[in-house]
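Tertiary structure, described
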Amino acid sequence: MDPEALKKYSALHPKPAGLSLQYGTAGFRTRAEQLDHVMFRMGLLAVLRSRAVGATIGVMVTASHNPEEDNGVKLIDPLGEMLHPSWEEYATQLANAEEQELQQVITEICQKAAVNQHKDASVFVGRDTRPSSEKLSQSVIDGISVLGGQYHDYGLVTTPQLHYMVCCQNTQGQYGKATLEGYYEKLSKAFTELIKQCPSSGESQRRLKIDCANGIGALKLSEMKPYFPKEVLIHLYNDGTKEKLNHLCGADFVKVHQEPPRGIDMKPNERCCSFDGDADRIVYYYKDAAGRFHLIDGDKIATLISIFLKELLGKVEQPLKMAVVQTAYANGSSTRYLEETLKVPVHCVKTGVKHLHHKAQEFDVGVYFEANGHGTVLFSKAAESKIRQLAREEKDDKKREAAKVLEHMIDLINQTVGDAISDMLVIEAILALKGLTVQQWDAIYTDLPNRLLKVQVADRRVIATGDAERRALTPAGLQEELDGLVGKYRLARAFVRPSGTEDVVRVYAEADAQGRENADALAHEVSLAVYNLAGGKGAPPQPI
Ligand code: G16
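The sections below set out a description of the structure shown in this document. (Residues numbered from 1 in each chain as written. Predicted model: local features only at pLDDT ≥ 70, side-chain atom pairs only at ≥ 80, totals over all residues. Heavy atoms only, no water.)

This paragraph deals with the overall build of the protein. Helices and strands together make up the secondary structure of the protein, namely 19 helices and 19 strands. On C-alpha atoms alone, the protein measures out to a radius of gyration of 23 Å, which is about the 24 Å that the 2.2 N^0.38 rule sets for 544 residues. The proportion of buried residues among the 544 residues of the protein is 60%. Taking the contacts inside the protein whose residues are at least 6 apart along the sequence as the reference set, 70% of them involve residues at least 24 apart. Taking the average place of the 65 positive charges on the side chains of the protein and the average place of its 72 negative ones, the gap between the two points comes to 3 Å. (Helix = DSSP H or I, 4+ residues; strand = E, 2+ residues; numbered from the N terminus. Rg over C-alpha atoms; globule rule 2.2 N^0.38 Å. Buried < 20%, exposed > 50% of the residue type's maximum accessible area, 1.4 Å probe, protein only. Contact = heavy atoms within 4.5 Å. Lys, Arg positive; Asp, Glu negative; His and termini not counted. Charge placed at Lys NZ, Arg CZ, Asp CG, Glu CD.)

The following block contains the structure:
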């Protein structure tokens, strides 16, 4: 490390006085104008991490579902996972160090994490389409360069594409080629193989309308179109040429508001989906003949995939353990269906893909999805090699064919992280193979009416949670208050937690009823309790 160069370059990316940020659910996230120093320093951290683990690390400049004015940064570990939690603390220390402390903090991290400063370092960089992202990714590159790291700038990519590249690079190409072309080829080949076996369907069944949230998904799907087989009829909406990123559209908007995005022309019973701003989440939906909107969220996606995989695993007759991982946001009906009808074990963990991913790694086949549409499937190394072996060598036709379908699924699924493009192709293949319409998929179970709200408080850290975020430990009295409110309704559940990506407290409530009145009333009452007991800001929450 050249201390003079560090000082000189760091001065070009000064930290605003008094600003303190936290590595949150998925990295740092706030208004773009406050992030220049964080980006430079995450370039530094990526070099240290790369030297510590002797592998390529990824840095993605994106704020995903947040408004266009925000930005953020996600760090990617060697196999495409989120940054290891033990390094999140280093990230926070580095981001908040005052200028004169920077070198000292770097030295401390190197000591604690046994970083050999003389080793080579390699970092992959990517960015989303936000107006601020290009400049901020340059700041990341400055940070990498000043510590003598090598970098490859992929420019505009989806977050999952960068995760994929990092994994390909660190597995010496075993997972695939670390290029966009490699990604498109791998996914489209697996998808084509799968749908070759489908009964031919009409044009309306093959058509899919995609709301791209005015983000990177539109660009990358357009690039990928030539790789798709002719059976795929996708139509892109909200491609970013007219409107703002995530504004009244995208997966987060659709999930939270439970209404269609602006800018998509939906006919009754047409299958539609929405990506989020960096294309790592997806939700499906349709409008019925009476004009009623039906949301098919991450829970129903997990259910569809689990049904399909369980059938195939049954056919190959191998003792492979499958489980589903959810968070507290999972609709009660989905958990009941998975456990009681499908007989698949379900585990609940804290919000954040890093927690779900980690839990899912404990099983041969781990399906994980957040209700907001962020998820994927992980196959253990042992399960994968067994399946590939059966697909090649099994004498029994039925078993071999089932193993082949599983093998194509393994290739189609982006196992590094939730990926809207890959998940969409998985879902489209399953619907086609099973001959299911979107309505039949939706009818697998009925969601309990539910509502998500946000409450503004002076300091959201006053809320601490336990039991996978299902109980509020502080402030005193809040959980007792929530218990009393929940007790008023049938099949009701509610919880609150500080967001790790926005400056708000999130409220979730569900309750049984014909309409949504009870869930809405409970959500409002819970919001008021948060407002009153956790230092609410501005006007009190209004009834829905
Ligand atoms: C990120 C995380 C998700 C999480 C979401 C909301 O998604 O990757 O796991 O569910 O934030 O988190 P919170 O409720 O803490 O704000 P994304 O797609 O925005 O990167």
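Now, onward.
Surrounding the ligand, one finds 20 residues, the nearest of these being Thr25, His65, Glu370, Ser499 and Thr501. In the environment of the ligand, an oxygen atom lies 3.3 Å from a nitrogen or oxygen atom belonging to the side chain of Asp280. At 2.9 Å from an oxygen atom of the ligand is found a side-chain nitrogen or oxygen belonging to Asn372. Taken by itself the ligand offers 460 Å² of open surface, and the protein chains cover 98% of this. (Near = heavy atom within 4 Å. Polar contact = N/O pair within 3.5 Å; in protein donor to acceptor, adjacent residues only side chain to side chain. Areas by Shrake-Rupley, 256 points an atom, 1.4 Å probe, with all protein chains shown as cover.)

The subject of this paragraph is the sheet that holds strand E6 (residues 207–211). With mixed pairing, 5 strands are arranged side by side in an open sheet as E7-E6-E8-E9-E10. If you trace the sheet from one side to the other, it starts and ends with strand E7 (233–237) and strand E10 (293–296), each paired once. On average, each strand axis in the sheet is inclined to that of its neighbour by 25°, with strand direction left out of account. Here E6 pairs with E7 via 5 bridges, running parallel. Each bridged residue has a counterpart across the sheet, and for Ile210 the counterpart in E7 is Leu236. Its contacts with the sheet place helix H9 (residues 216–224) against E6, E7 and strand E8 (272–275), and it is angled at close to 150° to E7. (Pairing = 2+ DSSP bridges. Axes fitted to C-alpha atoms, helices over the stretch in contact; angles between N-to-C directions.)

Mapped onto the secondary structure, Asp520 falls in helix H19 (residues 517–533). Excluding residues within four positions of it along the chain, Asp520 makes contact with Arg451 and Ile544.

Next up on the list: the packing of helix H3 (residues 85–96) against helix H4 (residues 102–112). Interaxial distance between H3 and H4 falls to 10 Å at its minimum, and their mutual angle equals 170°. What the angle tells us is that H3 and H4 run roughly antiparallel. When H3 is examined against H4, the residues Trp87, Tyr90, Gln93 and Leu94 are found in contact with a partner set consisting of Leu102, Val105, Ile106, Ile109 and Lys112. The residue inventory of the contact of H3 with H4, partitioned by class, reads 7 nonpolar, 1 polar and 1 charged. (Parallel < 35°, antiparallel > 145°, perpendicular 65-115°, else oblique. Nonpolar A, V, L, I, M, F, W, Y, C, P; charged D, E, K, R; others polar.)

Mapped onto the secondary structure, Glu510 falls in strand E19 (residues 505–510). Of the polar contacts made by the side chain of Glu510, one reaches the side chain of Tyr508; its length is 2.6 Å. Apart from residues no more than four positions distant in its own chain, Glu510 is found in contact with Ala330, Asn331, Gly332, Leu448, Pro449, Asn450, Leu491, Ala492, Arg493, Ala519 and Leu522.

On to the nonpolar core, then. Within the largest apolar cluster, 87 residues are counted, with the highest numbers of intra-cluster contacts made by Phe275 and Leu309. Ranked by residue count, the leading element in this core is helix H11 (residues 298–316), at 10 residues. In this structure, Leu6, Val73, Val105 and Cys110 belong to the second largest nonpolar core, which totals 44 residues. (Core = buried A, V, L, I, M, F, W, Y, C linked by side-chain atoms within 4.5 Å.)

Let us look at the pattern of salt bridges. A complete count under the given rule lists 43 salt bridges for this structure. We note a salt bridge from Lys209 to Glu270, for which the minimum N-O separation is 2.8 Å. Note that Lys209 is positioned in strand E6 and Glu270 in the loop between helix H10 (250–257) and E8, a separation of 61 residues in sequence. You'll find Lys209 and Glu270 in the same group, each marked buried. Across the pair Asp467 and Arg470 runs a salt bridge whose closest N-O atoms are separated by 3.1 Å. The network of salt bridges with shared partners includes Arg207, Lys209, Asp265, Lys267 and Glu270. (Salt bridge = Lys/Arg side-chain N within 4 Å of Asp/Glu carboxyl O.)

A few words now on the sheet that holds strand E13 (residues 365–369). The strand order E12-E11-E13-E14 describes an open sheet built from 4 strands, whose pairing is mixed. Two strands close off the open sheet at either side, each with one partner strand: strand E12 (346–349) and strand E14 (375–379). Adjacent strand axes in the sheet meet at a mean angle of 20° when their direction is disregarded. Alignment of strand E11 (residues 322–327) against E12, held across 4 bridges, turns out to be parallel. Looking across to E12, one finds that Gln326 is bridged to Cys348. Running over the sheet, H11 touches E11, E13 and E14 and is turned about 165° from E13. Set on the sheet, helix H13 (residues 353–360) makes contact with E11, E12, E13 and E14; between it and E13 the angle comes to about 165°.

For the rest of this paragraph, the subject is the pairing of strand E2 (residues 57–61). If a strand is regular, its side chains alternate between the two faces of the sheet. Burial runs high along E2: 5 of the 5 residues are buried. Burial along E2 is two-sided: the face carrying Ile57, Val59 and Val61 and the face carrying Gly58 and Met60 are both buried. Relative to strand E4 (residues 122–127), E2 runs parallel, the two being bridged by 5 bridges. Paired with Val61 across the bridge in E4 is Arg127.

Let us now look at the packing of helix H1 (residues 3–11) against helix H2 (residues 36–53). Between H1 and H2, the shortest axis-to-axis distance is 10 Å and the interhelical angle comes to 150°. On the basis of the axis angle, H1 is roughly antiparallel to H2. In the crossing of H1 with H2, the sense of the turn from one axis to the other is right-handed. Of the residues in H2, those in contact with Leu6, Tyr9 and Ser10 of H1 are Phe40, Arg41 and Leu44. Here the contact of H1 with H2 is composed, by residue class, of 4 nonpolar, 1 polar and 1 charged. (Left-handed = near helix turned anticlockwise from the far one by under 90°.)

If you check which residues of H13 are buried, you get Val353, Lys354, Leu356, His357 and Ala360. Around the axis of H13, the buried residues are gathered within 165° of arc, so they sit on the same side. If you follow the buried residues of H13, they end up packed against H3, E11, E12, E13 and E14. (Arc of directions from axis to C-beta.)

Everything listed here is a matter of geometry and, on its own, says nothing about what the molecule does.
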